[in-house]
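# Observations on chain architecture
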Amino acid sequence: MAPINLEQALGLSQGEIKEMHSQYVNASLVTLLSLINFDTPFISAQGVSVFDDQGNEYLDFLGAYGALNLGHNHPQILDAIQRVKTMPNLLQSSINGITAALAHNLSHLTPGNLQRSFFCNSGAEAVEGALKLARIATGRQKFVHCHNSFHGKTFGALSVTGREKYQQPFRPLIAPSIGVPFGDLEALQDHLRSRDVAAFIVEPIQGEGGILEPPKGYLAKAKNLCAQYGSLIIADEVQTGFGRTGALFACETEKLVPDILCLAKSLGGGVMPIGAYITTDEIWRKAYGTMEKALLHTSTFGGNTTACAAALKTIEVIMEQDLCQQAREKGSYFLTHLNNLKEKYPLLKDVRGRGLMIGLEFQPPERISGKYSLKFTMNVINKLAQAYMGSLVAGELLNKHQIITAYTLNNPNVIRLEPPLIVTYEQLDRVLDALEEVLSNHTGFFSMVGSGAKNIISKLTHTKS
């Protein structure tokens, strides 16, 4: 079979795309997404809006899990990339001025005395680098993480991710790593006392855990405990960073100055993949402060010209447009109206979050039984209802209201709302109206599952056969 060129790829039909994904990428994911019609072909995007091949507009309130703080295809980010298109993008035999400027800016914008940056390509890579840095700088091996946390799916990052579902198939992981309850200082101290912990890694707000904030003062006290026992504290701001929560970094609100700060997602302006960790000069020198150690941890594409140019412009736009303040104000407006919906509709169990990082938790569904004769179908529907409840709401928002959301990985009863920080109040109101219609039409998840059951059953039966 002849290779498909770019022009042909741009012209593939929805059926052809699904068939190729099923044959060459991930067939089970295609099946899962198609059950709730999460397979719409989108052909263009700008700001908060994406458009399908019929010209219909959808509002993106998922925001690539917090990577689209500036929205889709921000013109200033695209222009910045064009500005450097003739420069060497990858040239390890030289040092890069764009990379240096980005590191300078991060040093001056991040909390406390964080100074030295390492650039990579993703949040998981940033976490991997931070874990290695903590080990070499402290001479210790053990890590402590929080239950329900999410730090990535590479081996090191997965080892400090607090969900058994993702860990079990890949054991043994990087050991030793101990999980403690999020917000429990006593449990943390119990493990720090042994003085063999290299670092405690924590999200200032648990994203995949269901948008969970820590108890007031927890993070600053955790830092003090780590310092007392000679351990480092790593703040994972891959999802919360760059204005998402109403501050440039969420740890600032909690009065936390971490020893290592992990960044990614929105740093690339929604266009380029880039991750980073930043640490103090003292820690960096302990780890990599000699010529013999300078190349112990590297990344081929880390710090490349194009990605760093996008990141430089991203930070500039965030600061110039005061998107942190916008996230605070719009988030406050949004949360107020969402809480009003919670008071009116029992199906909405909880509303929580900060800035424009918001989680909606729904009441658990009743088990469906006796309505359909196909045992296989009923077992799968019950499993989907229990394990992917948020996806049913997200599916209705997408298919009936053209609003893109998704459930959180570690708590599928929660859907996240993380729109670009440039979202308008009119767009917020459109989502509020859609949510009210969903909540008013469904008194429980039995009715929600029932409303789409014929479609699901048909697809499941076809898949089984």
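Residues numbered from 1 in each chain as written. Predicted model: local features only at pLDDT ≥ 70, side-chain atom pairs only at ≥ 80, totals over all residues. Heavy atoms only, no water.

## Focus: the overall build of the protein chain
Here is the rule we go by: Secondary structure elements follow DSSP: runs of H or I of four or more residues count as helices, runs of E of two or more count as strands, with numbering from the N terminus. Between buried and exposed lies partly exposed: a residue is buried under 20% and exposed over 50% of the maximum accessible area for its type, with that area taken using a 1.4 Å probe on protein chains only. Note on contacts: a residue pair qualifies if any of its non-hydrogen atoms lie within 4.5 Å across the two residues. Areas reported here follow the Shrake-Rupley algorithm with a probe of radius 1.4 Å; residue values treat only the protein chains shown as occluding.
A tally of helices and strands in the protein chain yields 19 helices and 15 strands. Within the protein chain, the fraction of its 465 residues that count as buried is 52%. A separation threshold of at least 6 residues defines the contact pool for the protein chain, and within that pool the share at least 24 residues apart is 73%. Total accessible area on the protein chain is roughly 20900 Å²; 54% of this is exposed by carbon and sulfur atoms.

## Section: the packing of aromatic side chains
Here a ring pair, both rings aromatic, is described through the centre-centre distance and the interplanar angle of the planes. For clarity, the threshold we go by: Any two of the Phe, Tyr and Trp rings considered here, Trp counted by its six-membered ring, make a pair once their centres fall within 6.5 Å; the pair's planes then place it as stacked at under 30 degrees, edge-to-face at over 60, or tilted in between.
This model, assessed by the stated rule, comprises eight aromatic pairs. Where F150 meets Y166, the ring centres are 6.5 Å apart and the plane angle is 80°; that geometry is what we call edge-to-face. Residue F150 is located in the loop between β5 (142–146) and α8 (155–159), and its partner Y166 is located in helix α9 (residues 164–167); the two are separated by 16 residues in the primary sequence. Residue F150 is classed as buried on the basis of its relative accessible area, which comes to 17%. On the basis of relative accessibility, which here comes to 13%, the residue Y166 falls in the buried class. Judged by centre distance (5.1 Å) and plane angle (90°), the ring pair of Y333 and Y425 falls under edge-to-face. Of this pair, Y333 sits in helix α15 (residues 323–344) while Y425 sits in helix α18 (residues 425–441), and the two are 92 residues apart along the sequence. Using a relative accessible area of 26% as the deciding quantity, one classes Y333 as partly exposed.

## Focus: the pairing of strand β3 (residues 57–60)
Stated formally: Here, a strand pair is defined by DSSP locating no fewer than two bridges between the strands.
Two strands pair when backbone bridges link them, and strand β2 (residues 49–52) and β3 are joined in this way by three bridges, in the antiparallel orientation. Bridging from a neighbouring strand, S49 pairs with L59 of β3. Hairpin connection from β2 to β3: four residues lie between these consecutive antiparallel strands, with G55 at a positive phi of about 85°. Where β3 lies against strand β13 (residues 403–404), two bridges are found, and the strand directions are parallel. Following the sheet pairing, L59 is matched in β13 by I403.

## Observations regarding the confidence of the model for the protein chain
Test applied: Along the chain, pLDDT gives the predictor's confidence residue by residue, from 0 to 100.
Across the protein chain, the average pLDDT comes to 90, with 89% of residues at or above 70. pLDDT under 50 marks residues 367–374. Its contacts with residues more than four places away, or in other chains, come to 14 contacts.

## Considerations on the sheet that holds strand β1 (residues 42–46)
Stated formally: Interaxial angles span 0 to 180 degrees and are taken between N-to-C directions of axes, which are lines fitted to C-alpha atoms, for helices over the stretch in contact.
What the four strands build is an open sheet, ordered β1-β2-β3-β13; its pairing is mixed. Across the chains shown, the open sheet's two edge strands, defined by having one partner strand only, are β1 and β13. Strand contacts of α18: β2, β3 and β13, with the helix running at about 95° to β3, the strand carrying the most contacts.

## Quick word on the side chain of E128
Our working definition: For this count, His and the chain ends are skipped, Lys and Arg are scored as positive, and Asp and Glu as negative. Counted as salt bridges are all cases of a side-chain nitrogen of Lys or Arg within 4 Å of a carboxyl oxygen of Asp or Glu.
Relative to the elements of secondary structure, E128 occurs in helix α7 (residues 123–138). Nearest to the buried, unbridged E128 among oppositely charged side chains is K132, at 7.3 Å. The contact partners of E128, leaving out residues within four places of it in the chain, are T154, F155, G156 and A157.

## Let's talk about the sheet that holds strand β10 (residues 275–280)
Read across the sheet, seven strands follow the order β4-β10-β9-β8-β7-β5-β6 without closing on themselves; strand pairing throughout is mixed. Taken across any chain shown, the strands that pair with only one partner, and hence form the sheet edges, are β4 (114–120) and β6 (177–180). The sheet shows a mean angle of 20° between the axes of neighbouring strands, taken without regard to direction. Summarising the sheet, β5 and strand β7 (residues 197–202) pair through three bridges and their orientation is parallel. Its bridge partner lying in β7, K142 is registered against V197. In this fold helix α13 (residues 281–288) packs onto β4, β8 (232–236) and β10, with an angle of close to 100° to the strand it touches most, β10.

## With respect to the pattern of salt bridges
Here the structure, examined in full by the defined rule, presents 18 salt bridges. Here E208 and R416 are joined by a salt bridge, their closest N and O atoms 2.5 Å apart. Here the residue E208 occupies a position in the loop between β7 and α11 (218–228), and R416 occupies one in strand β15 (residues 411–417), the gap between them amounting to 208 residues. Each of the two residues, E208 as well as R416, counts as buried. A salt bridge links R285 to D281, with the nearest nitrogen and oxygen atoms 2.8 Å apart. With a gap of four residues between them, R285 and D281 both fall in helix α13, about one helical turn apart.

## Here's the deal with α13
Note that an α-helix has 3.6 residues per turn; residues three or four places apart therefore point the same way. Under the convention used in this document: The arc in question is traced by the directions running from the helix axis to the C-beta atoms.
Listed in full, the buried residues belonging to α13 are I283, W284, A287 and Y288. On an axial view of α13, the arc spanned by its buried residues comes to 100°, and they lie on one face.

## Concerning the pairing of β10
Counting buried positions along β10 gives six out of six residues, so the element sits mostly inside the fold. Judged from the six bridges that link them, β4 and β10 form a sheet pairing that is antiparallel. Among the inter-strand pairings, R116 is bridged to a residue of β10, identified as T279. Note: strand β9 (residues 260–263) against β10, four bridges, orientation antiparallel. The partner of L263 across the bridge, within β10, is A276.

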